[in-house]
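Next come the chains, spelled out residue by residue.
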Amino acid sequence: MIETALLDRIEANGVRVVIIEDASRFARKLLTQELGIIALAERGVRVVTANGDDLTNTDDEMKVAMRQIAGAFAQLEKARLVRKLREARERKKAETGKCEGRKSLAESKPEVVALAKELRGRGVSLRGISAALAGRGYLTAGSPT
């Protein structure tokens, strides 16, 4: 639903027209779209699409029905897209073990991890490994040089 703070700001600034690309950009859920349009219309604010359709005009019941049908399809399309993206992430994670997040040090600098493991295998302390890595120029961002 449209945030109360947003509605208060619109009223305080004297906004009378909100222009959106199309109804699907206003809201991706039909209920949210309809409640938002009603809330704005009750405050005397018109919601107009970039091609000139006034979504707050309720004089023509066919236009209202078409707006609602378009909203239902926008909601359907969003649900389909979310599902497809989730399935793609799950496939990628199943294939590689990872899909999201920043790269680990093992992915971005495998030589550092190999060196640290080699030193640890020789019994070097963690502090010693840190010093050895720093001595070779492997520092984290913001570390003193």
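Cut-offs used in this document
Residues numbered from 1 in each chain as written. Predicted model: local features only at pLDDT ≥ 70, side-chain atom pairs only at ≥ 80, totals over all residues. Heavy atoms only, no water. Salt bridge = Lys/Arg side-chain N within 4 Å of Asp/Glu carboxyl O. Helix = DSSP H or I, 4+ residues; strand = E, 2+ residues; numbered from the N terminus. Buried < 20%, exposed > 50% of the residue type's maximum accessible area, 1.4 Å probe, protein only. Contact = heavy atoms within 4.5 Å. Core = buried A, V, L, I, M, F, W, Y, C linked by side-chain atoms within 4.5 Å.

Moving on, we get to the pattern of salt bridges. Using the criterion set out here, one finds 9 salt bridges in the structure. Note that Arg43 is salt-bridged to Glu11, the shortest N-O span being 3.1 Å. Taken as a pair, Arg43 in the loop between helix H3 (30-42) and strand E2 (46-49) and Glu11 in helix H1 (residues 4-13) lie far apart in primary sequence, 32 residues in all. Accessibility expressed as a relative area gives 38% for Glu11, which makes it partly exposed. Here Arg83 and Glu87 are joined by a salt bridge, their closest N and O atoms 3.6 Å apart. Of the two residues, Arg83 and Glu87 are both situated in helix H4 (residues 61-96); the distance of 4 residues between them amounts to about one turn of the helix. Owing to a relative accessible area of 34%, Arg83 belongs among the partly exposed residues under this scheme.

This part takes up the side chain of Glu34. Within the fold, Glu34 resides in helix H3. The class for Glu34 is buried, based on a relative accessible area of 12%. With near-sequence residues (within four places) excluded, Glu34 lies in contact with Arg67 and Gln68.

In this section: the nonpolar core. In terms of nonpolar packing, the biggest core is built from 12 residues, these being Leu7, Ile10, Ile20, Ala23, Phe26, Ala27, Ile37, Ala39, Leu40, Val45, Val47 and Leu55. Within the residue set of this core, elements represented by two or more residues are H1, helix H2 (23-26) and H3. By residue number, the principal contributor to this core is H3, which donates 3 residues. One finds Val112, Ala116, Leu119 and Ile129 within the second-largest nonpolar core, a separate group that totals 6 residues.

Purely geometric stuff here, so don't read any function into it on its own.
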